[in-house]
Amino acid sequence: QSIDAQSRISRYLAFKNTFGADEIGVLAHHADDQIETFLLQLLRGAGPRGLAAMPVQRPMREGPALLRPFLALPRAAIDAYAAVRGLRWVDDESNANTGVKRNFIRHEVAPRLAAAFPGYPATLVRAAGHQAESARLGDELAQLDAQEAIAEGAGAGATLDRSALIALAARA
């Protein structure tokens, strides 16, 4: 597993152990984080679900729902807010390691994109939103198609109707 994947598993376990199932964990992920995730997924060849990057709200199987209300805000806006109010935070020194792909994007790619395309953060956040909508619509269409392809079996429960599945393939 990648460092990103290992870190994500550890974070979600910490959320589960910190918050109750009926609570909401509010995270400070911001537009810069969203862009990094979008670019990582793009470079991995992800489809719409991966390119949607981080969802604003993420229910968890166990533990709290996670809410990311700042995904449209650049990190600079959050840093400025924290500075004005005298808030302190901890910067993890591992974030400077450009051997980690996410950090490489943050320190090497993002500044070059910002220099060439000053409005790029909002554009890529919007692109991730389009992908999230595409993934949601694809899921809804699949549910509708599945309803047409599920037949009630005689005592054996629901089964897939082969002719309905073949008809779906013909429409594609």
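Above this text you will find the structure in question.
Not measured: the values here are computed from a predicted model. (Residues numbered from 1 in each chain as written. Predicted model: local features only at pLDDT ≥ 70, side-chain atom pairs only at ≥ 80, totals over all residues. Heavy atoms only, no water.)

*Asks:* Looking at this structure, how should I read the layout of surface pockets?
*Replies:* By rolling a water-sized probe across the atoms, one finds the places where empty space is left. Of the voids in this model, the second largest pocket is the one considered here, and its volume is about 280 Å³. Forming the boundary of the second largest pocket are 15 residues, of which Ala-52, Ala-53, Met-54, Pro-55 and Ala-132 lie nearest the centre. The element contributing the most residues to the lining of the second largest pocket is helix 6 (residues 120-149), with 7 residues. Of the residues contributing to the lining of the second largest pocket, the split by class is 10 nonpolar, 2 polar and 3 charged. (1 Å grid on protein atoms, 1.4 Å probe; cavity = no way out; pocket = protein on both sides within 12 Å on 5 of 7 lines; lining within 4 Å. Points joined across faces, edges and corners; volume = space filled by probe spheres on them. Helix = DSSP H or I, 4+ residues; strand = E, 2+ residues; numbered from the N terminus. Nonpolar A, V, L, I, M, F, W, Y, C, P; charged D, E, K, R; others polar.)

*Asks:* How do you make sense of the pattern of salt bridges when you look at a structure like this?
*Replies:* Opposite charge on two side chains allows them to pair when their charged atoms are near. Per the stated rule, a full pass over the model turns up 6 salt bridges. Arg-106 is the partner of Glu-36 in a salt bridge, and the nearest nitrogen-oxygen pair spans 2.8 Å. Linking Glu-36 in helix 2 (residues 31-43) with Arg-106 in helix 5 (residues 101-116), this pair joins segments that are 70 residues apart in sequence. Relative accessible area serves as the criterion here: at 4%, Glu-36 is assigned to the buried category. (Salt bridge = Lys/Arg side-chain N within 4 Å of Asp/Glu carboxyl O. Buried < 20%, exposed > 50% of the residue type's maximum accessible area, 1.4 Å probe, protein only.)

*Asks:* What is the right way to look at the sheet that holds strand 3 (residues 65-67) in this model?
*Replies:* Strand pairing in a sheet is mediated by backbone hydrogen bonds. Such pairs are either parallel or antiparallel. Here we have 3 strands laid out as an open sheet, ordered 1-3-2, and mixed in their pairing. Bordering the open sheet on either side are strand 1 (24-26) and strand 2 (57-58), each of which pairs with just one other strand. Note that strand 1 and strand 3 share 3 bridges and pair parallel. Along strand 3, the bridge assignment pairs Val-26 with Leu-67. (Pairing = 2+ DSSP bridges.)

*Asks:* Honestly, a nonpolar patch on the surface in this entry has me stumped. Any pointers?
*Replies:* Nonpolar side chains collect at one region of the surface, where Ile-150, Leu-160 and Leu-165 lie side by side and expose about 280 Å² of accessible area between them. Structurally, Ile-150 can be placed in strand 4 (residues 150-152). Residue classification places Ile-150 among the partly exposed positions, given a relative accessible area of 42%. (Patch = residues over 30% accessible without salt bridge, like charges linked within 9 Å, V, L, I, M, F, W, Y side chains within 5 Å. Areas by Shrake-Rupley, 256 points an atom, 1.4 Å probe, with all protein chains shown as cover.)

*Asks:* It is not clear to me how the packing of helix 2 against helix 5 should be interpreted in this structure. Could you clarify?
*Replies:* Axis separation between helix 2 and helix 5 bottoms out at 10 Å; the angle between their running directions is 105°. Classified by the angle between their axes, helix 2 and helix 5 sit roughly perpendicular to one another. Note on element contacts: helix 5 touches helix 2 through Lys-101, Arg-102, Ile-105, Arg-106 and Leu-113, opposite Asp-33, Glu-36, Thr-37, Leu-39, Leu-40 and Leu-43. Along the lines of polarity and charge, the residues of the contact of helix 2 with helix 5 split into 5 nonpolar, 1 polar and 5 charged. (Axes fitted to C-alpha atoms, helices over the stretch in contact; angles between N-to-C directions. Parallel < 35°, antiparallel > 145°, perpendicular 65-115°, else oblique. Contact = heavy atoms within 4.5 Å.)

Scope: geometric values only; no functional claims are made or implied.
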